[in-house]
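Each chain, letter by letter, is given below.
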Amino acid sequence: MTAIASAKRYDAVVLGAGHNGLIAACYMARAGLSVLVVERNPYIGGAAVSRQLYQDFTYSNCSYVCSLLRPEIMRTLELPLHGLQIIPYEGGCTMMRDGGHLALYDNHDALRREISRHSKRDAEAYDRFARDMLRQCRFIKPLLMRTPPDPTSFKPRDLMELLYLGQRFHRMGETRMYETLRFWTMSCADFLDEYFESDIVKAHLAGSSIIGTALGPRSPGTAYVLLHHYMGDIDDAVGAWGFARGGMGAVTNALAASFQASGGEIRCNAGAERVLTSGGRAVGVALADGTEVRAATIVSGLDVKRTFLGLVDRKDLPAEFHRQVENFKIRGSSGKLNIALDAVPSFPAIPEGAPCIRGDLHITDSIAMMERAYDDWKAGIWSQAPYVDMLIPSQIDPTMAPAGKHYMSVFVQYCPYELASGSWDDGKRQAFGETVIQAISRQSPDFRKLILHAEIRTPWDIENEVGLTEGNIFQGELTMDQLLFNRPVPGYAQYRSPIRGLYMCGSSTHPGGGVMGAPGANAAREILRDLRRDDLRLDGLH
Amino acid sequence: MSDAANRPPHFKQPLLTTPFHSRTRACSTVDQFVAWAGYTTVDVYTTVEQEYFAIRNACSVYDLTPMVKYRITGKDAENYLNRLVTRDVRRVKPGRVAYSVWCNDDGHLIDDGTIFRLETGEFLLCTAARQLDWLLDSAIGFDVAVEEVTESIAALSLQGPTSCAVLKALGLRGVERLRPFDIGRFVLGGADMTVSRTGFTGDLGYELWMTPADAVSVWDRLMIAGASSGIRPIGSQALDMARIEAGFIMPNIDFVPAEASVRIGRGRSPFELGLEWLVDLKKGHFNGRRALVAEQKRGAARRLVGLDIDGNKPALKALLYADKSCRREIGAISSALWSPTCKRNIALGLVDAPYFETGRQVWAEIYLCRELEWERRVARGVVVEKPFYAPARRKVTPAWDR
């Protein structure tokens, strides 16, 4: 078949209308480039998407809460002007098998009194824990919107960046340098043991260390995952999480509006089939609809495996790079239930009137139970007693469900991409959903009968719908071997690839996933530098 | 206790009330409360000035209950505290109180507080901040029990020239013979009460410690006993004025507790805070000693000092300069007050070497909002000795009646 060449040439084509792709596209369009974003699905959003699958209910199908999205991106791309509003929610709660609970509250005194119901010591140790998380946040935050230096390079820019990193590290002083190195490599369970004695306190806090991660709370490296969930902020409240009004699709819808206001074009139902190269250089992209679009700059928001093992002629890649991409850890470990509810379910463990019902709710009350859930995943079955991160955003955001009805987002850890019994099918998907509903029902007697509709998503579904390899929500595990100048693979952490003109801007790149947007912004900066357009200063992007 | 059982849940009412709340609430006319260490407490009852003068002219009553209290008991209690704090606790005899500070390994202040030696092997540690995990970690290897007892002890502070007279009128026989930092035990209407000659005002004064069940009746008796001696409840604002005159420091105002600080370089040593008199480097090993020995050798790079500032406008949060043209920044003011008793414009500020020497001149950059128009003033300040106010009556035993 001869491809039909698109009449129009673009300066750049971005693959995938997820948040990072759109952010990179926005910055390039603002720098004066003609930019086309191509999207495989009939709708934009990637994993930051709102969909109506049942009556007037809006689901945040994939990502469901927001904290990490960099404020400098929201500001420079004028996302509020284009409809984005982030509303913080307060705290959360873990319900215990014995009928008890632990809640987190924003008010410091309420929080201390709450924790002291379980341990007086832990109540006072919490301040030390929060302090150390803040200390680590202060170290890492300035690195998010910077391109990681290549430690093997002698280029002045890399040397300067390495110096910057080294100075920041050194300035912490001896004790904190040790602490930081340990922190980046240790397990979350070990880390929490240094502060707390109460299992419920540890279990509640450890949740953030396993979300989206194919590791257990006792696996080395999970302490960093905890930090990854803490380093965001809402209006400078560090560690706070919130809802995008209208669901997570509001993020990408605002980005799309901002992009279009800068003259950008988005084409849906137009997935990329192949990146076209000539002499080791990207020259365009062939789309599923049979058209070819010519552009000297191709920017992939897809994960590193999907990009280089799926869209590129392998002969164009160095063997070493190819091998590293194949071995990139991007394991599916999370499922998701999106549920339309007739009313807010009752949770007898939560006291009447406690505001934590509007926060994140959990049912895993010990580290051991969490680790056990991971053991199931390793054995190729979904967790029989899964960890859930469950929220009812419609209690805060009136746009998510009809009045009086509610939308519940249930993130489920762990769920394998490939089952020991073989591939996923409808029956297994239903059985997985049933396991989750049963687990929640143990804390909520009326939950099941309030369910009007439930969308059940396995890692396999997420891969097929969104495109994330194995359904990994971070586009690659957030472990030390895959962070900073090693993300996605050594030597290619600066958003460029072995193919000139082909760039990466997805969460497979530094600083990783979580609807942060930093990879997209950082990639745009590198692209514009290569195009010598970096004279156009982008405020907030230094 | 029924009171604790009946209280609204913490997520509806995060702040606790003290056992004196029914009384303090009733005395509050301006409805000005402030959160202090997890309790709602009175910031101002009527007017700050009148309350302040109760401290310096008559007898003030301050609800001290939220002060965080740890009971430390056991065979090794003395050794434990001696290892924890900078002072030599062995020299604090039973029935005595000592003010002290304690440091982390860097020799930076974790907190300051008072150590009450109730018995040979029983201490009460009163602190500003909660730090049970630090105290428990420090207890490893000692035969000692550390228990947080804040809620089980109600406390009032009586400060001012007629405070002893009020206590005598209350029927505490022999209370005048308590020396500064003495602890006495009394029985009042059948209830036990512990009285220490301590306070945070630099004046004659006492602190009363009792079980919460006795709190209201003690308050009521005090008000009757003190009626002719000018007794008056005071809020935190008035107390803050007196503590600045006395040259006392406040955590999170004049220093950031080292273990609570997030940023690098915020820790402060006892030397830097002008508290070297609390540091006994000869007593044997204690937490932070090594760093303090090194710092003593090196000399402090900065110091919290008393300042006498020209003019009458308090130099609140002012930056300090070496020169009137404000080119060379040498520090900042953390507490400032026009002192109604000293008739001086006083302040506490952290000043770089060598400007912290007594008698040195510094310049404070003060911003005044005068009916919405800002005026910048550069006022001369002189480094002076603390305390700014130290009446003889604070030390005299037997204590004076007025």
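Procedures and definitions
Residues numbered from 1 in each chain as written. Chains lettered and ligands numbered in written order. Predicted model: local features only at pLDDT ≥ 70, side-chain atom pairs only at ≥ 80, totals over all residues. Heavy atoms only, no water. Pairing = 2+ DSSP bridges. Helix = DSSP H or I, 4+ residues; strand = E, 2+ residues; numbered from the N terminus. Axes fitted to C-alpha atoms, helices over the stretch in contact; angles between N-to-C directions. Contact = heavy atoms within 4.5 Å. Domains from an automatic or database assignment. Parallel < 35°, antiparallel > 145°, perpendicular 65-115°, else oblique. Left-handed = near helix turned anticlockwise from the far one by under 90°. Nonpolar A, V, L, I, M, F, W, Y, C, P; charged D, E, K, R; others polar. Polar contact = N/O pair within 3.5 Å; in protein donor to acceptor, adjacent residues only side chain to side chain. Buried area = accessible area lost by both parts, 1.4 Å probe. Salt bridge = Lys/Arg side-chain N within 4 Å of Asp/Glu carboxyl O.

(A) Highlighting the sheet that holds strand β11 (residues 191-196) of chain B. Residues and elements named next belong to chain B. Taken in spatial order, the 6 strands make up an open sheet running β10-β11-β12-β9-β3-β13, and their pairing is mixed. With partners counted over all chains shown, the strands left at the sheet margins are β10 (183-188) and β13 (231-233), one partner each. Neighbour-to-neighbour, the strand axes of the sheet open up by a mean angle of 25°, direction not taken into account. Pairing between β11 and strand β12 (residues 205-210): 3 bridges, direction antiparallel. From the neighbouring strand, S196 faces β12, where its bridge partner is E207. Docked against the sheet, helix α6 (residues 163-170) engages β3 (59-63), β9 (154-159), β10, β11, β12 and β13, running at close to 40° with respect to β12.

(B) Examining the domain arrangement of chain B more closely. Per the domain assignment, the segments making up chain B are domain 1 (2-63 + 158-174 + 198-234), domain 2 (68-151) and domain 3 (301-388). Look at where the C-alpha atoms of domain 2 of chain B and domain 3 of chain B centre, and you get two points 35 Å apart.

(C) Geometry of the packing of helix α3 (residues 48-57) of chain B against helix α8 (residues 236-245) of chain B. Residues and elements named next belong to chain B. As a packed pair, α3 and α8 sit with axes 8 Å apart at the nearest point and diverge in direction by 50°. One way to sum up the angle between α3 and α8 is to call them oblique. Considering how the two elements wind past one another, α3 and α8 form a crossing that is right-handed. Residue-level inspection shows V48, E51, Y52, I55 and R56 of α3 in contact with α8, the latter providing Q237, A238, L239, M241, A242 and E245. Residues that form the contact of α3 with α8 fall into these classes: 7 nonpolar, 1 polar and 3 charged.

(D) Molecular detail of the packing of helix α1 (residues 19-30) of chain A against helix α17 (residues 518-530) of chain A. All names here are of chain A. Relative orientation of the contacting elements α1 and α17 amounts to 35°, with a least axis distance of 7 Å. Considering only the axes of α1 and α17, their crossing is right-handed. The segment α1 lies against α17, with N20, I23, A24, Y27 and M28 engaging A518, P519, G520, A521, A524, I527 and L528. Grouping the constituent residues of the contact of α1 with α17 by class yields 10 nonpolar, 2 polar and no charged.

(E) Summary view of the sheet that holds strand β5 (residues 96-103) of chain B. Residue and element names in this part refer to chain B. Spatial ordering of the open sheet is given by β5-β6-β7-β4-β8, a layout of 5 strands whose pairing is antiparallel. Among the strands making up the open sheet, the edge pair consists of β5 and β8 (145-148). Between one strand axis and the next, the sheet turns by 25° as a mean value, whatever way the strands run. In this structure, strand β4 (residues 68-73) lies alongside strand β7 (residues 122-127), joined through 6 bridges in antiparallel fashion. Looking across to β7, one finds that I72 is bridged to F123.

(F) Representation of the environment of S339 of chain B within the structure. Assignment of secondary structure puts S339 of chain B in strand β16 (residues 329-339). Residues in contact with S339 of chain B, not counting those within four places in the same chain, are E245, R344 and I346 of chain B.

(G) Spotlight on the side chain of D182 of chain B. All names here are of chain B. Tracing the backbone shows D182 in the loop between α6 and β10. A distance of 2.8 Å separates the side chain of D182 from the backbone nitrogen of R179, its partner in a polar contact. In contact with D182, not counting residues within four places along its chain, are G95, R96, R177, V195, S196 and R197.

(H) Representation of the interface of chain A and chain B. Of the residues lining the interface, 25 residues belong to chain A; the matching set on chain B comes to 26 residues. Buried surface at the junction of chain A and chain B, summed over both partners, amounts to about 2300 Å²; 51% is from carbon and sulfur atoms. If you sort the residues of chain A by the area they bury against chain B, R113, R121 and E124 of chain A come out on top, with a joint share of 32%. On inspection of chain A and its partner chain B, the count reaches 5 salt bridges. Across the pair K120 of chain A and E148 of chain B runs a salt bridge, and its minimum N-O distance is 3.1 Å. The tally of links between chain A and chain B comes to 14 residue pairs in polar contact (both at pLDDT 80 or more). Considering each element in turn, the side of chain A that touches chain B owes the most residues, 9 residues, to helix α4 (residues 120-144) of chain A. Class assignment for the residues of the side of chain A that touches chain B results in 8 nonpolar, 2 polar and 15 charged.

(I) Focus on the domain arrangement of chain A. Residue and element names in this part refer to chain A. Per the domain assignment, the segments making up chain A are domain 1 (4-85 + 246-328 + 474-530) and domain 2 (87-239 + 330-466). Taking only C-alpha atoms, the centre of domain 1 and the centre of domain 2 are 26 Å apart. Each partner contributes to the interface: domain 1 provides 54 residues, whereas domain 2 provides 57 residues. At the boundary of domain 1 with domain 2, total buried surface from both sides reaches about 4600 Å², with 60% on carbon and sulfur atoms. Here domain 1 and domain 2 share 2 salt bridges between them. Here E477 makes a salt bridge to R331, at a shortest N to O gap of 3.6 Å.

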